[in-house]
Amino acid sequence: MIDFTQKTVLVTGGGSGIGRATAEAFGSAGARVVVAEINPELADEVRNQLQQAGVEALVVQADVTLRADVARMVDTIEQRFGGLDVLINNVGDYLVSKPFEQFSDEEIDRLYSLNLRHIFDVTRAMLPLLRKQGAGASIISLSSIEGLRGAPTCAIYAAFKAAVGGFTRTLALELAPEGIRANEIALETTETRQVPVSLAIPDANKHHIPRWIPLGRFGQPQDCAGAALYLASPLAAWVTGSTLTVDGGAMAAGGWMRDPSCAWTTIPVITGNGFIDASQGAPAQLRPEAQPA
Ligand SMILES: NC(=O)c1ccc[n+]([C@@H]2O[C@H](COP(=O)([O-])OP(=O)(O)OC[C@H]3O[C@@H](n4cnc5c(N)ncnc54)[C@H](O)[C@@H]3O)[C@@H](O)[C@H]2O)c1
């Protein structure tokens, strides 16, 4: 049932990370894939990759936070494919992690634009194309488990990711009479360009990884791509307004973790956040303050 032949799928930010894995997964499942990507080199890369894989692909260099670019995407998709079956709102970024009161107005505006506002704009602009395909069309928006729990040093990102859930639930109700579904995926830390976990964790802490998350590893972009395929497919025909956590069991664990003997505990077991080598006192990651999900 995961066959998207004759279906058109738009992935925003499909040039790398989760978006790229998702674009490739839909392509492998037979879809016509549209990617909106701001970075021209990444756009070229994904265009070549999809074409080499024999996927009917349309890669548009576009900034989804610009309404003119979004309007251009609508026209291009309509001319090339006539309509849209699946919209995946993937673009999002925590940008920087720090205590709430240190965020400037400009940073808050930027986080709003990158994590929420474009989801409103792109979804509203694409609705006429989704309506052309009618019942069975669907919208999937990328969120984070930081939108479901408290996330120290990520207050603004967490707030906007939580808002993605609120938007998704109401949109699902408004579109349900037409048979168009809306769902969100809430992720735990996943290895991407934005979150290069394997580079970010110092060697001294790598042995903690099997106990960091219940399923014993961080996410790979393909984990999310699989969830998106399911949510967009007829297998999920009765699923709307829902949040699918793709998190290796992190939300189920809540505050539970495993100590070095693998016994479950709710008591902190290491010093620091894991991204800092306590013996060196220096962070080893590219974006030192952060450990977002
Ligand atoms: N990686 C994680 O650990 C993680 C965890 C939770 C949630 N998420 C969410 O998953 C989504 C994807 O994250 P990722 O880690 O793959 O990100 P990423 O930064 O690795 O990839 C995002 C892609 O979007 C493109 N992009 C950025 N701004 C754009 C814009 N304005 N217009 C068009 N394209 C743009 C980038 O060039 C890049 O190719 C985001 O919404 C993120 O918040 C990621």
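Please refer to the structure placed before this passage.
Predicted model, so just to flag it, every value in this text is computed and none were measured.

Caption draft 1: How the structure looks around the overall build of the chain. Scanning the chain from N- to C-terminus turns up nine helices and 11 strands. Relative to a compact globule of 293 residues, whose C-alpha radius of gyration would be 19 Å, the chain shows 19 Å and is just as compact. The dimensions of the chain, computed from C-alpha atoms along their principal axes, are 60 × 40 × 35 Å. Every one of the 293 residues in the chain was classed for burial, and the buried ones make up 52%. Looking at the chain alone, contacts between residues at least 24 apart form 72% of all its contacts between residues at least 6 apart.

Caption draft 2: Fine view of the sheet that holds strand β3 (residues 57-61). Overall, parallel pairing links the seven strands, which are arranged β3-β2-β1-β4-β5-β6-β7 in an open sheet. The sheet terminates laterally at β3 and β7 (243-246), the two strands that pair on one side only. In this sheet, adjacent strand axes meet at a mean angle of 15 degrees when their direction is disregarded. Both strand β2 (residues 32-37) and β3 contribute to a ladder of five bridges, which runs parallel. Along β3, the bridge assignment pairs Val34 with Leu58.

Caption draft 3: Structural context of the pairing of β2. Among the six residues of β2, six are classified as buried, and the element is accordingly described as predominantly covered. The two faces of β2 match: Arg32, Val34 and Ala36 on one face and Val33, Val35 and Glu37 on the other face are all buried. One ladder, built from five bridges, connects strand β1 (residues 8-12) with β2; its direction is parallel. Of the residues in β2, the one forming a bridge with Thr12 is Ala36. A crossover connection joins β1 to the parallel β2 through helix α1 (residues 17-28); in handedness this β-α-β unit is right-handed. After leaving β2, the chain enters helix α2 (residues 40-52) and then returns to the sheet as β3, a path that is right-handed.

What counts as what
- Residues numbered from 1 in each chain as written.
- Predicted model: local features only at pLDDT ≥ 70, side-chain atom pairs only at ≥ 80, totals over all residues.
- Heavy atoms only, no water.
- Helix = DSSP H or I, 4+ residues; strand = E, 2+ residues; numbered from the N terminus.
- Rg over C-alpha atoms; globule rule 2.2 N^0.38 Å.
- Buried < 20%, exposed > 50% of the residue type's maximum accessible area, 1.4 Å probe, protein only.
- Contact = heavy atoms within 4.5 Å.
- Pairing = 2+ DSSP bridges.
- Axes fitted to C-alpha atoms, helices over the stretch in contact; angles between N-to-C directions.
- Right-handed = clockwise from strand over helix to strand, strands pointing away.

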